[in-house]
Structures are given as C-alpha cells and as structure tokens.
Amino acid sequence: MHFTTRRQSNIMASFIRGGVAVTGAMRMAWRPSCRTLSQTRVALGSQYKIETVGVVGLGSMGHGVAQLAAVSGYNVLVSETSEESLLRGVGAIEKSLTFLAGKRVAKGDTDQATADADVAEIMGRISGEVGLEKLASESDLVIEAIVEDLKIKLPFFEELGRTTKSTAILATNTSSYSVGEMAEASKVPHRVCGLHYFNPVQVMKLVEVVKTDQSDPEAIAAVTDFVKKTGKVAVDCSDTPGFIVNRLLIPYLIQAIAMVARGDASIQDIDTGMKLGAGHPMGPLQLADYVGNDVCLAVMDGWTAKYPDNPAFKAPEAVALLETMVGKGHLGRKTGQGFYRWEGNKCVGI
C-alpha cells in the first residue's frame, strides 16, 4: 500500500490488510580514539551495497531514521507490529516532511506546488508492512529501532540472522546495550554493528558507528559511507557501555536526578546552573525528560546489573526517584509530564 499525501493515505488506510507501502519530503556514531570517519570509503568490490534500507520500529527514533534515508534517496522499507503503529509512524514522517516543506515555502525558497511534489516524491520511496517478510528479504541494511529491552532485542536479532539475505548488514540503534550480545544472537556476527542516532534524528548531526570484535571491516565501511551520504557525521567506537555520548551523558543526568532526590537543589536551579554556569543549551533534568525518564532508568538498570562494581553506575537515590516517576507514567516529553510539564516537544513549566 502506498501513501502519497495525507488525503490519499486516509482513503487508502481502509484497504490495509497486513502489508503496507508508504510514500514522504525533507533534506535536510565504538572506538577509544573517537575519530571522525568522514574520509572512510567503501572498498571496491565490497559485497555490501546499500540501496534499500529497512527500518524496524517507527517510534520517535525509527520514523526519523526512515525519513532521513528516504530524503537521502534510498528506497526504504518500514515495519511495525500493528497497522495502527504503522499508520502512526508513517503519519509522523508525513507530518514532519510537510512542516519542513511549509517552512521552505514561508521563506520563499520554493512554491507550494513544488513543495507538495517534493513531499510526495520522498514518501513514494517508503514501503511498509506489518511483519518482516518483505523487509527481511529485500533490505541491504536493516536498522533496528524497537523497544529498548534486551530480552526483546536478542530473539529479534536471532530472527534477523535467519531471515535476511547473506549480504544484509544488521544494525541496532540501541543507546546502551551490548552490540556484541545482539551479534552473537544473530549467528551472523560479522554482519552486525551499531548505528546510534540521536533525537531528533532530522536535526542531530551525529551517528555513533559501533563495531564489535567480529564486525566485518567492509560492513563497517559500508554503513559509514551510508551515514555520510545521509548528511550525518559518523564517529567510530568500540562496543563499550553507552558508547561515547551516553557513557558520559547518562551519569551526568543521573547525578542531577540524585540531587533532586536528596533535596540538594530545586529542579529549576539545577537546570539554570548548568545552562548559565556550563553553557549547556538545556539543563540535565529537562534533557532527562526529553530523552525519556524510562530510558534513563532502563539504561541504569542494565549497567548496574552488568557492571555492579562500577562506581559511575551507582546512584540509588536517583534510581529510586526514577522508579517512582516511571511507575506514575511521568516519562517526560512523550507523556506530557516528567520533571517538567510538556505540550508536544515544548516544555511549559514545572
């Protein structure tokens, strides 16, 4: 099934019975040295040729990755677990593309007819389905963006290893879990790597390219080239907890949450202190809300379980507060309430 515009997609949605094809417009990274990979090229004769990109999971990260790939000229196959989730994810892509096209029109960079045609053209590169049959058989690169739960990811990668073609690269967008564990579960570890995008994907320039001891260098070169072609900057890192950014960021957020739990300072004063004292554009508690307090908790739970003696991963006051907040559904931006109140992506106060 194909979606070209919102009017057409609303009509055609009634015909969905399992498989879906979608049509969207917008133009818009583990290694200790953390070097930039802008000079890396795919080796001549490499078996890995990326033309069709599969994205599994169309949540806040997945739909952004799918949009980015389609805007960059790739054929994109998307997959969700239900028709409702598929339509919601596709709708998010179309909404984003339409918004960006409208901004171009408002600036006088293009006219409305051309902007609408661009949206339709990009959406035309996206096909979707409930399940994995087409995505697994046709994708050259599969990017997993499903729920951040290792108990779900491991069997999923086992399935990908069985069902994808022998030249397909399997990438996880995990922000914290071991890529190596997923690679082992797949039974094809040479084809597995990490591609960690940042939210919102359409805006954030960085992608962490994570390789394990068993990753095929040609596969790593191919995904690095893919990242570059989508206009992002790749950094290379080994399979270490949290990769580069989250290894530094999550402990920072957790310490801010621990300060709140102990009553050391108010939410506003902690965030103001880091914005004005450290030059950060957003305070740690607002950022925790933006990332998702459930995500922060899941990362800390995973790290403390695997590395119980690492002092950087010990913050019982913060974990207790996060458990309470998550139990109440105060996940932050995505539920409208966290440390702050939110209306969509806008923080509107305590």
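It should be noted that the structure appears before, not after, this text.
Here is a short report on the structure shown in this document. (Residues numbered from 1 in each chain as written. Predicted model: local features only at pLDDT ≥ 70, side-chain atom pairs only at ≥ 80, totals over all residues. Heavy atoms only, no water.)

### Focus on helix α7 (residues 179-186)
Most of α7 sits inside the fold, with 6 of its 8 residues counted as buried. Those residues of α7 that fall on the buried side of the exposure criterion are Val179, Gly180, Met182, Ala183, Ala185 and Ser186. Looking at the buried positions of α7, the neighbouring elements they touch are β5 (141-144), α6 (150-163), β6 (169-172), β7 (192-197) and β8 (206-211). N-cap assignment for α7: the residue whose side-chain oxygen lies 3.2 Å from the backbone N of Gly180 is Ser178. Looking at the residues trailing α7, positive phi occurs at Lys187, about 70 degrees. (Buried < 20%, exposed > 50% of the residue type's maximum accessible area, 1.4 Å probe, protein only. Helix = DSSP H or I, 4+ residues; strand = E, 2+ residues; numbered from the N terminus. Contact = heavy atoms within 4.5 Å. Polar contact = N/O pair within 3.5 Å; in protein donor to acceptor, adjacent residues only side chain to side chain.)

### Concerning the pattern of salt bridges
Counting across every chain of the model gives 13 salt bridges. Here Asp236 ties to Lys211 by a salt bridge, and the two come within 3.7 Å at their closest N and O atoms. You can see Asp236 sitting in strand β9 (residues 233-238) and its partner Lys211 sitting in strand β8, a full 25 residues away along the chain. The exposure class of Asp236 is buried, given its relative accessible area of 2%. Residue Lys334 is joined to Asp294 by a salt bridge in which the shortest nitrogen-to-oxygen separation is 3.0 Å. Here Asp294 lies in helix α12 (residues 293-306) and Lys334 lies in the loop between α13 (316-327) and β10 (341-343), a separation of 40 residues in the sequence. One network of salt bridges, in which partners are shared, links Glu144, Glu148 and Lys153. (Salt bridge = Lys/Arg side-chain N within 4 Å of Asp/Glu carboxyl O.)

### Quick word on the pairing of strand β11 (residues 346-349)
Note: β10 against β11, 3 bridges, orientation antiparallel. By the bridge assignment for β11, Trp342 is matched with Cys347. Where β10 hands over to β11, the hairpin turn is made up of 2 residues, of which Gly344 adopts a positive phi near 65 degrees. (Pairing = 2+ DSSP bridges.)

### Quick look at the side chain of Thr174
Within the fold, Thr174 resides in the loop between β6 and α7. Side-chain polar atoms of Thr174 contact the side chain of Glu148, separated by 2.7 Å. Sequence-distant contacts of Thr174, defined by excluding residues within four places in its chain, comprise Glu148, Lys153, Val179, Met182, His196 and Phe243.

### Section: the environment of Asn310
By secondary structure assignment, the location of Asn310 is in the loop between α12 and α13. Within the structure, Asn310 has its side chain in polar contact with the backbone nitrogen of Ala312 (distance 2.9 Å).

### A closer look at the nonpolar core
Of all hydrophobic cores here, the largest spans 42 residues; its most connected members are Leu141, Leu195, Tyr197 and Phe226. Discounting chain neighbours no more than four positions away, the residues touching Phe226 are Ile50, Val53, Ala69, Tyr74, Leu141, Ile143 and Tyr197. Listed in part, the 25 residues of the second largest apolar core include Leu253, Cys296, Ala315 and Met325. (Core = buried A, V, L, I, M, F, W, Y, C linked by side-chain atoms within 4.5 Å.)

### Side note on the pairing of β7
Burial of β7 is extensive: 6 of the 6 residues sit out of reach of the surface. Alternating positions in β7 separate into two faces, Val192, Gly194 and His196 on one and Cys193, Leu195 and Tyr197 on the other, with burial throughout. Two strands pair when backbone bridges link them, and β6 and β7 are joined in this way by 3 bridges, in the parallel orientation. Within β7, the position partnered with Thr172 by the bridge is Gly194. Examined bridge by bridge, β7 and β8 share 4 bridges and lie antiparallel to one another. Within β8, the position partnered with Tyr197 by the bridge is Val207.

### Considering the packing of helix α2 (residues 62-71) against helix α3 (residues 83-106)
Their axes nearest at 9 Å, the elements α2 and α3 cross at an angle of 55 degrees. Compared by their axis directions, α2 and α3 come out oblique. Considering the relative orientation of α2 and α3, their crossing is right-handed. For the pair α2 and α3, contact is made by His63, Ala66, Gln67 and Val71 and by Gly89, Ala92, Ile93, Ser96, Leu97 and Leu100, respectively. Partitioned by chemical class, the residues of the contact of α2 with α3 number 6 nonpolar, 4 polar and no charged. (Axes fitted to C-alpha atoms, helices over the stretch in contact; angles between N-to-C directions. Parallel < 35°, antiparallel > 145°, perpendicular 65-115°, else oblique. Left-handed = near helix turned anticlockwise from the far one by under 90°. Nonpolar A, V, L, I, M, F, W, Y, C, P; charged D, E, K, R; others polar.)

### Points about the packing of aromatic side chains
Inspection of every chain in the model, using the stated rule, returns 5 aromatic pairs. Centroid distance Trp303 to Phe313: 4.6 Å. Interplanar angle 35 degrees. Geometry classified as tilted. With Trp303 in helix α12 and Phe313 in the loop between α12 and α13, this residue pair connects regions lying 10 residues apart in the sequence. You can call Trp303 buried: its relative accessible area is 3%. Among the aromatic side chains, those forming a connected cluster through ring pairs are Trp303, Tyr307 and Phe313. Looking at Arg333, its charged tip hangs above the ring of Tyr290, at a distance of 4.3 Å from the centre. (Phe/Tyr/Trp six-rings, centres within 6.5 Å; stacked < 30°, edge-to-face > 60°. Lys NZ or Arg CZ within 6 Å of the ring centre and 35° of its normal.)

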